[in-house]
Amino acid sequence: MKINNPYLNSANSIWVRGNLHTHTSISDGAFSPQDTITRYASLGYQFLMFSEHDLIAPANGLDTKGMVIIQGNEITDEGPHLLHVNAKKKVEPYSDRQKVLDEIQKDSGFAIISHPNWEEDFNHCPQEFLETWEHYTGIEIYNGIVRRLPGNPCATDRWDLLLSQGKFVWGYANDDAHWDENFGVAWNVAQVEKLTLENVLNALKNGNFYTSTGVEIEKITVNSNTISLTTSNAKKIAVIVDYGRRIKEVQGNSICYEISDTFPYSYIRFECWGEGESQAWTQPFRLV
Ligand SMILES: [Zn+2]
Ligand SMILES: [Zn+2]
């Protein structure tokens, strides 16, 4: 049994926080790009992606307030929405979304499927699409604006189904910021040795990040068959395996979980529960 650890076992790494799903007044958001940057910087974010609807808004000339700005686009028309991360050129919203995903890969960016459980049928993106599409890196397992819209902001159900079928994709959490109340709801925390655009993109593409709505993970380490997790403010940590099965819960802010050689599951991930509705989700550790 080998644990595929997406995290760096490095003492020199830092955690940096960011949002990959942001609309401004250039599309249907309430605030200008500069006001949006200022708001996120004041919340302590270190990276931010603008994701207007079907257009790339260049960030030239803006005061980034020390944040890394990622160029992006939310492919919107003609089908389920998806985020084009590190968009260098605009990809048209072809109704054939596989063609969109192929174009994003050619552009050397990567794709994240937006809010799968949005809308009154909880089915903005049907599961059969998620199962058959190729060339996307992950899905939004939490989308902040869906707290205030029909559907479920959380999509860990979709994620566990994919992971259990061997479709190994990462879970992202984003605000989908449009209005004041959407800012700072859900974020990604990437592990990097230094804050640069390249390092942040690599971490986000390779699963070297966790997602949160308020719980802070301080340390994730893997030693032989044991995964250890320390948080600053979790009250309970749950161990999740195939098909979302919760095989253990511990009270408190940390856990050391030893995986036996006969462990009958294909992956393991951790959900940390804090005050109120706050949570953090690790990426899955694949067991091979
Ligand atoms: Zn959307
Ligand atoms: Zn959006």
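Above this text is the structure in question.
Residues numbered from 1 in each chain as written. Chains lettered and ligands numbered in written order. Predicted model: local features only at pLDDT ≥ 70, side-chain atom pairs only at ≥ 80, totals over all residues. Heavy atoms only, no water.

1. Quick look at helix α5 (residues 197–206)
Short version of the rule: Each residue's exposure class comes from its accessible area (1.4 Å probe, protein chains only) as a fraction of the maximum for that residue type: buried when under 20%, exposed when over 50%, partly exposed otherwise. A helix here means a DSSP run of H or I that spans at least four residues, while a strand means a run of E at least two residues long, and both kinds are numbered starting from the N terminus. Picture the helix axis, draw a direction to every C-beta atom, and the arc is the one those directions span.
Three or more residues of α5 are buried, namely Val200, Leu201, Ala203 and Leu204. Projected down its long axis, α5 shows its buried positions confined to an angular sector of 165°, all on one face. Phi for Gly207, located one or two positions after α5, is positive at around 80°.

2. What to know about the coordination of the zinc ion (ligand 2)
A four-donor tetrahedral metal ideally has 109.5 degree angles, and a six-donor octahedral metal ideally has angles of 90 or 180 degrees. To be explicit about the condition: As a rule, N, O and S atoms within 2.8 Å of a metal are its donors, except that Na, K and Ca use 3.2 Å; water is not among the atoms, so sites may look incomplete. Key to geometry: four donors with every angle between 85 and 135 degrees are tetrahedral; four donors are square planar and six octahedral where opposite donors lie over 155 degrees apart and all remaining angles lie between 65 and 115; all other sites are irregular.
In the first shell of the zinc ion (ligand 2), the protein supplies His21 (NE2), His23 (NE2), Glu74 (OE) and Asp176 (OD), at 2.1 to 2.3 Å from the metal. Around the zinc ion (ligand 2), the four donor atoms sit at angles spanning 78 to 169°, and that spread fits a shape best called irregular. Donor residues binding the zinc ion (ligand 2) come from one chain and are separated in sequence as H-x1-H-x50-E-x101-D. Here the zinc ion (ligand 2) and the zinc ion (ligand 1) are spaced 3.4 Å apart, linked through Glu74, which binds each one. By the burial criterion, His21 is buried, and His23 matches it.

3. Description of the coordination of the zinc ion (ligand 1)
For the zinc ion (ligand 1), the full set of protein donor atoms is Glu74 (OE), His81 (ND1) and His115 (NE2), and the range of their distances to it is 2.1 to 2.3 Å. Look at where the donors of the zinc ion (ligand 1) fall in the sequence and you get E-x6-H-x33-H.

4. Examining the pairing of strand β9 (residues 187–192)
This is how it is decided: Whether two strands pair depends on DSSP finding at least two bridges between them.
In terms of residue burial, β9 counts as a mostly covered element, since six of its six residues are buried. By the alternation rule, side chains of β9 split into Trp187, Val189 and Gln191 and Asn188, Ala190 and Val192, which are all buried. Pairing of strand β2 (residues 14–19) with β9 involves five bridges; the strand directions are antiparallel. Bridge assignment links Arg17 to a residue of β9, and that residue is Val189. Here β9 pairs with strand β10 (residues 209–212) via four bridges, running antiparallel. Counted as the bridge partner of Asn188 is Thr211 from β10.

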